[in-house]
Amino acid sequence: MDKSMNVREVIKDNFNNKRHRGLEKFIPKIFLLAASLSVVTTVGIVCTLLFDAFKFFSRVPLREIFSTKLAPLSANPSFGILPLINATMITSLIAMCVAIPIGLTAALYLSEFASDGLRRILKPIMELLAGIPTIVYGFFAYSFVTPILMKLIPGLEAKNALSPGIVMGIMIIPMVASLSEDAMNSVPNAMREGAFALGSTKLEVAFKVVIPAAFSGIMASFVLGISRAVGETMIVAIASGSSKIFTFDITRSMQTMTAYIVEFTSGDAGSGTLGYYSLYAVGLILFVFTLLMNLLAQYITRKYREEY
Amino acid sequence: MSYDVMQQNKDKHFLNTEALKRRMKLRIILDKVAKGIFILSTLFSLLILGVLIYRVWNQSVGWLNLRFLKSNLSIFPEKAGIHGPILGTLWLMAIVAPVTVILGVATAIYLEEYATKGKFQSFIKTNISNLAGVPSVIFGLLGLTVFGRLLKLGSSILAGGLTMSLLVLPIVIVASQEALKAVPGFLKDASYALGATKWTTIKTVILPTALPGIMTGSILALSRAIGETAPLVVLGIPTLILRIPDGIMSDFTALPIQIYYWTLDAVLRPEYANLAAATIIVLLFMLFIMNSIAILIRNKYQKRY
C-alpha cells in the first residue's frame, strides 16, 4: 500500500462524515418512536375506555349502575353492574381455590423435593399447560368437566360458574407454580442447610424457612393469578353462559364482565346505543381492576423482597 | 462422672426418649405424607394435560381428515371444513410477525442500548409490564375503537392483525430485551475498539448475537397470538364466512374463532362439538410445531459466553 493510513485519522474522518453522523443521530430517534408506541397504546386504551365509558356514565344514573338488575336488551333496559362483578368474583374465587393449593404444593415439590433432573423434565411439561389457548380450556370445561360435575352434583345447570372456575384454576396452576418456584429457588441454600443442621425435615424446612423467605414472590404470584382469572374471557364465555342474574349459587349460569363484553360485541349492539357504551364502562372497570392487581404484585415484590 | 454413676442414672433420663421417638416418627411420617401430596399435585397438572389432549383427540377422530382441511365452512357438519379459518390464521400471522418483530426489537434496542437509565426508561418498562397484564378483551375494545371504527378497517385481517400485534408486543419486547442483555460486553468493546460507531456495533455485532433469543421470543409471541380468541370476537369477526380471504382488507375468520362458534353451537347439533375438537387438534398441532421450532433455535444457535 502506497498511502499510509493513520487510524486516528480514519476514525476522525468517519466521525466527521456527515452521512454517518446524521445516521447516528437519526437512528435513536426512530427507536425512541417505537418505544413510545407502548406508551401510546396505554394512553389509547385509557382514552377509548374513558371516552365511551363517560358517555355511558353520563346517561345512566349511578343508582341503576349499582343495582343488581342487568337487562340490556329488554324494552326497558337496565344496566346494573353488580351481577357481572359478582360473577367475576365468584369464578375467580373458585379458580384461586384450585390454583393456589395445587400451584403452591407443586412449586414446593419442584423446588424442595424433586431432583434436578426431574425438575428439568417436569417444569417444561407444566409450562406446556400455560401455552394452551384459553379457547381450548373453554371447550374442555364445557364438553368434559361440566358433564362430569353434572353426574356428581344433581341440579347443576349445563352452563354454570363452577366448571369454568375449576378449569380457570387449572389454567393458572402453571403460572402460580412457576412464579412461586422461582421465588423459592432464589432462597439461598445456606438458609436451608442451617435448618437441616438443626435436624429439620424437608417439610419443616419448606414451611418454616423457604416459604417465609420467599413469601413476597409467592404472594405476588397469587395476585397475578387473581388478575389473570379476572381478565380471563373465553373459558367463562363458553362454560358459564350468559345469564345475567345476581346469585351466589355456583351451580347456576352467570355472566362475568369479560363474558359480557364478548357476548355484546358479537351480538348486534351497534355503535351509539347505550348497550355499546356499556361495553366500555365494563371494560374500564375491568382494566382498572387488573391494573391495580398488577401494580400491587409489583409493589409486593419490590417492597418486601429480602435480599440475601 | 464415673461409669458407675452413669449406670445408676440410666433410669433417670434427662430426655424423655419415648416421647422423643414418637415425635420423631411423627415428623418423619408427616414429611413423607407431605412429599406424596406434593408429588400428586405436580402430577395433577400433567394428568390434566394428558386427559385434555386424549379427550379432544377422541372427539376429533373420524372428523379430522384431508377433506376437513381442504373444504370450506358449511352449516352442514358433514361438509364443513376449515380451509378458510386456516388461511385466516396464516394471514393473521403474516401481519403480526413483521409488525411485532420490527416494533418489538426497535423498542428493546432503544431500552437496552440507547436509553439512559432514568425515570423515562423505568416509566416505559413499568408501562410495558403493565400492558402485558391487561386482559385481551380490553385490547379487543381498543382494536374495535381505533382500528375498526376510527380507521375504518372494520373486521378485516389488517384490523385483527394490528390488534393482535399490540397484544403480544410486550412479549416480544421483554424477550428481545433479555436477548440483548445476554450479549457479552467484550463483544461490544471489541467493536468500539475497532472504531465502529454505535449503530454499526448494534447492526453488525449485537443484533446477530441476540438473534436466536429474539427469534425464540417472537415465535412464542406469535403462537400466543394465533391462539387468542377474545380480541377477534370483540372486533366482530362474523360467524360464518364462506369466502376465502384474498388480501389484508378482506373479512376473515380464524381457527380459535371457529372453535368458539362451533362449541357454542354444539347445543344445536352435537356434531359441531366434533368439528370444534378437530379444529382444536389442528390449532394445537400448529402451536406444537411453532414451539418446537422455538426450542430448536434456542438449543442450536444460542451461544453461552
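Our subject is the structure that appears above.
Student: Where do I start with the overall build of chain B in this structure?
Tutor: Assigned secondary structure in chain B consists of 12 helices and 0 strands. Counting from the amino terminus, chain B carries its helices and strands in the arrangement α-α-α-α-α-α-α-α-α-α-α-α. Taken over the C-alpha trace, chain B has a radius of gyration of 29 Å; the compact-globule value for 305 residues is 19 Å, which it surpasses by more than 25%. By its C-alpha atoms, chain B is 100 × 70 × 35 Å across when sized along the principal axes. Among the 305 residues that make up chain B, the fraction classed as buried is 51%. Sequence separation of 24 or more characterises 74% of the internal contacts of chain B that already satisfy a separation of 6 or more. For chain B, the exposed surface amounts to about 15,100 Å²; the carbon and sulfur share of it is 68%. One way to put it: in chain B the 29 positive side-chain charges average out to a point 3 Å from where the 14 negative ones average out.

Student: Hey, could you run me through the side chain of Asn 86 of chain A in this one?
Tutor: Residue and element names in this part refer to chain A. Tracing the sequence through the fold places Asn 86 in helix α4 (residues 82–113). A polar atom in the side chain of Asn 86 sits 2.7 Å from the backbone oxygen of Thr 247. Once you skip the residues sitting within four places of it in the chain, Asn 86 turns out to touch Phe 246, Thr 247 and Phe 248.

Student: For this particular structure, what's the right way to read the environment of Thr 146 of chain A?
Tutor: Residue and element names in this part refer to chain A. You can see Thr 146 is positioned in helix α6 (residues 134–152). Counting along the chain gives 12 residues from Thr 146 to Ala 158, while the straight-line C-alpha distance between them is 6.8 Å. Once you skip the residues sitting within four places of it in the chain, Thr 146 turns out to touch Ala 141, Leu 156, Glu 157, Ala 158, Asn 160 and Ser 163. Within polar-contact distance, the side chain of Thr 146 engages the backbone oxygen of Ala 141 at 2.9 Å. Side chain to side chain, Thr 146 and Ser 163 meet in a polar contact 2.8 Å long.

Student: What's the story with the nonpolar core in this structure? I'm lost.
Tutor: By size, the foremost hydrophobic cluster in this structure holds 158 residues, and its most contacted members are Ile 45, Tyr 137 and Ile 172 of chain A together with Leu 232, Tyr 260 and Trp 262 of chain B. In contact with Tyr 137 of chain A, not counting residues within four places along its chain, are Leu 129, Ile 132, Val 167, Ile 170, Met 171 and Ile 235 of chain A together with Leu 52 of chain B. Membership of the second largest hydrophobic core comes to 25 residues, among which are Val 105, Ala 106, Trp 199 and Ile 202 of chain B.

Definitions and cut-offs
- Residues numbered from 1 in each chain as written.
- Chains lettered and ligands numbered in written order.
- Predicted model: local features only at pLDDT ≥ 70, side-chain atom pairs only at ≥ 80, totals over all residues.
- Heavy atoms only, no water.
- Helix = DSSP H or I, 4+ residues; strand = E, 2+ residues; numbered from the N terminus.
- Rg over C-alpha atoms; globule rule 2.2 N^0.38 Å.
- Buried < 20%, exposed > 50% of the residue type's maximum accessible area, 1.4 Å probe, protein only.
- Contact = heavy atoms within 4.5 Å.
- Areas by Shrake-Rupley, 256 points an atom, 1.4 Å probe, with all protein chains shown as cover.
- Lys, Arg positive; Asp, Glu negative; His and termini not counted.
- Charge placed at Lys NZ, Arg CZ, Asp CG, Glu CD.
- Polar contact = N/O pair within 3.5 Å; in protein donor to acceptor, adjacent residues only side chain to side chain.
- Core = buried A, V, L, I, M, F, W, Y, C linked by side-chain atoms within 4.5 Å.

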